[in-house]
Amino acid sequence: MSTNSTRAPFPGHPGAARRVSDKLPVFPWDKLEPYKATALAHPGGLCDFSVGTPVDPVPEVIQKALAAHTDTPGYPTVWGPLELREAIAGWLHRRLGAETGPQAVLPTVGSKELVAWLPTQLGLGPGDQVAYPRLAYPTYEVGARLCGAEPVEYDSVDELDGSRVRLLWVNSPSNPTGRVLGADELRRAVEWAREHGALLVSDECYLELGWEAEPVSVLHPDVCGDGHEGLLAVHSLSKRSNLAGYRASFVAGDPVVVRELLEVRKHGGMIVPAPVQAATVAALADDAHVAEQRERYAARRSALRAALEAYGFRIEHSEASLYLWATQDRPCWETVAELAGLGILVAPGDFYGPAGDRFVRVAFTATDERVAAAVERLGAAS
Ligand SMILES: Cc1ncc(COP(=O)(O)O)c(C=O)c1O
């Protein structure tokens, strides 16, 4: 059988027209691999403060809820049972002071997928702009690129083009800087977005992890007034409940936008598994495990912060979230290499935008034992 040498490449093969990965940045974590290899070779083993993945056990109350719902042969729904949506709305009211209701919330399959696909699911495309903070979680840019919109970084909303920005991301507490926006700064963003008809989406994954500041939700009436028109808040249980492995998260806010997302996501089959839906209900009903986990993180944070400062780092912002935003006032990759030599792996600040190129992000999500090992190594090298 002869093959046709002029045949176009199969979709997905190199050279195929409109290959999606060609529009996306290099997956940043791949660039860290050689430094990880160096750090792994340290005789005392790797102290990994790079990705920020939880390492402590899933709280028992959540494990039990999951285990009690393993016999679920039927399809779950995208919107989830009323019990789940009431649990989400109840938590939003109790912890955030936000008045919503089960009609204004939607479970998501981890918030990363929502961040990446939201512009596509809202019909954005070429000619539209998606704006996000100059130093930011890289998936905001990815989401813009996936739908063909233009990604735009901002320091202040006042520098944006109101006729082109259709979706405005804010992220407080911030990944990577740990910075918290005050109610007045959030209010200004809400005003700007409403004035220009842009949807404001507030990524609030770290809201329960404030250390030296009290983060406030965009859905709080002090920020948004009486209603949630034109606003969404994105929440995740990955960090506050050690549930990154479950993919448990949700979005809440303007009920009209939530309804539209529900319609699109029903067609797309973006369903949270039924056992995870049940685990989410249990997790949102329990504040004790969140307080316990916060104590673990607080201790790791202060030990690492003191050791980094004694070593010669300056820490900026970092008043909330799971990160220390640290600099030696030199290129970030030099710092990454130096720390890798001590068996300590951190994320270079330029993963979060060129403005971060003299910082590293230190995630205090390692075990107490690994944090103590790093503190000792930094102390010995100081
Ligand atoms: C700012 C921000 N948003 C969203 C996510 C995604 O979280 P998940 O997909 O685990 O819910 C992360 C994860 O690190 C994050 O830092």
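Residues numbered from 1 in each chain as written. Predicted model: local features only at pLDDT ≥ 70, side-chain atom pairs only at ≥ 80, totals over all residues. Heavy atoms only, no water.

Let's shift gears to the site of the ligand. Taken together, 14 residues sit near the ligand, with Ser111, Asp203, Tyr206, Ser238 and Arg247 positioned nearest. In this structure, an oxygen atom belonging to the ligand sits 2.6 Å away from a side-chain N or O atom of tyrosine 206. Note that an oxygen atom of the ligand is positioned 2.6 Å from one of the side-chain N or O atoms of serine 238. The fraction of the free accessible surface of the ligand (400 Å²) that becomes covered by protein chains is 92%. When atoms are counted within 2 Å of each cavity's grid points, the one that captures over half of the ligand is the largest pocket. Residues that form the shell around the ligand fall into these classes: four nonpolar, six polar and four charged. (Near = heavy atom within 4 Å. Polar contact = N/O pair within 3.5 Å; in protein donor to acceptor, adjacent residues only side chain to side chain. Areas by Shrake-Rupley, 256 points an atom, 1.4 Å probe, with all protein chains shown as cover. 1 Å grid on protein atoms, 1.4 Å probe; cavity = no way out; pocket = protein on both sides within 12 Å on 5 of 7 lines; lining within 4 Å. Sits in = over half its atoms within 2 Å of the grid points. Nonpolar A, V, L, I, M, F, W, Y, C, P; charged D, E, K, R; others polar.)

Turning next to the side chain of serine 318. Within the secondary structure, serine 318 is located in the loop between strand 9 (314-316) and strand 10 (323-327). Overall, serine 318 belongs to the buried group, its relative accessible area being 0%. The contacts of serine 318, once residues within four sequence positions are left out, are Thr177, Gly178, Arg179, Trp211, Arg301, Tyr323, Leu324 and Trp325. (Helix = DSSP H or I, 4+ residues; strand = E, 2+ residues; numbered from the N terminus. Buried < 20%, exposed > 50% of the residue type's maximum accessible area, 1.4 Å probe, protein only. Contact = heavy atoms within 4.5 Å.)

With an omega dihedral of -5°, the bond running from serine 172 to proline 173 counts as a cis peptide bond. Tracing the chain through its elements places proline 173 in the loop between strand 5 (165-171) and helix 6 (183-196). The amide bond that connects asparagine 175 to the next residue, proline 176, takes the cis arrangement and shows omega of 20°. Turning to its location among the elements, proline 176 is positioned in the loop between strand 5 and helix 6. The backbone of asparagine 242 shows a phi angle near 55°, a positive value even though the residue is not glycine. Note that asparagine 242 resides in the loop between strand 7 (231-236) and strand 8 (249-253). Residue serine 318 is not a glycine yet carries a positive backbone phi of 60°.

The next thing to look at is the domain arrangement of the chain. Here the domain parsing of the chain yields domain 1 (19-55 + 287-379) and domain 2 (59-285). Placing the centre of domain 1 and that of domain 2 at their C-alpha centroids yields a distance of 25 Å. With 34 residues of domain 1 at the interface, the matching set in domain 2 holds 39 residues. Interface area for domain 1 against domain 2, summed over the two sides, is near 3,000 Å², with a carbon-plus-sulfur share of 59%. Here domain 1 and domain 2 share three salt bridges between them. The salt bridge partner of arginine 94 is aspartate 287, with a shortest N-O separation of 2.6 Å. (Domains from an automatic or database assignment. Buried area = accessible area lost by both parts, 1.4 Å probe. Salt bridge = Lys/Arg side-chain N within 4 Å of Asp/Glu carboxyl O.)

Next up on the list: the pattern of salt bridges. If you walk through the whole model with that rule in mind, you get 27 salt bridges. The partner of arginine 305 in a salt bridge is glutamate 309, with the nearest N and O atoms 3.4 Å apart. Of the two residues, arginine 305 and glutamate 309 both sit in helix 10 (residues 288-311), four residues apart, roughly one turn of that helix. Connected through shared salt-bridge partners, Arg94, Arg95, Glu208, Arg240 and Asp287 make up one network.

Our focus in this paragraph is the layout of surface pockets. When its volume is computed, the largest pocket comes out at roughly 1,000 Å³. Lining the largest pocket are 44 residues, with Trp29, Lys112, Tyr137, Pro138 and Thr139 sitting closest to its centre. At the level of elements, helix 4 (111-121), strand 3 (129-133) and helix 5 (139-147) are the ones that each hand at least two residues to the lining of the largest pocket. Per element, the largest residue contribution to the lining of the largest pocket is four residues, and it comes from helix 5. Counted by class, the lining of the largest pocket contains 24 nonpolar, ten polar and ten charged residues. Each of domain 1 (19-55 + 287-379) and domain 2 (59-285) accounts for three or more of the residues forming the lining of the largest pocket. There is about 520 Å³ of room inside the second largest pocket. Along the walls of the second largest pocket sit 24 residues, with Pro133, Tyr154, Asp155, Arg179 and Leu181 positioned nearest its centre. Residue assignment for the lining of the second largest pocket shows that the elements contributing at least two residues are strand 5 and helix 6. (Points joined across faces, edges and corners; volume = space filled by probe spheres on them.)

Among the secondary structure elements, valine 190 is positioned in helix 6. Classification of valine 190 as buried rests on a relative accessible area of 3%. Taking the C-alpha atoms as reference points, valine 190 and glycine 225, 35 residues apart in sequence, are found 9.8 Å from one another. Ignoring sequence-local partners within four residues, the contact set of valine 190 consists of Leu200, Val218, Val223 and Leu231.

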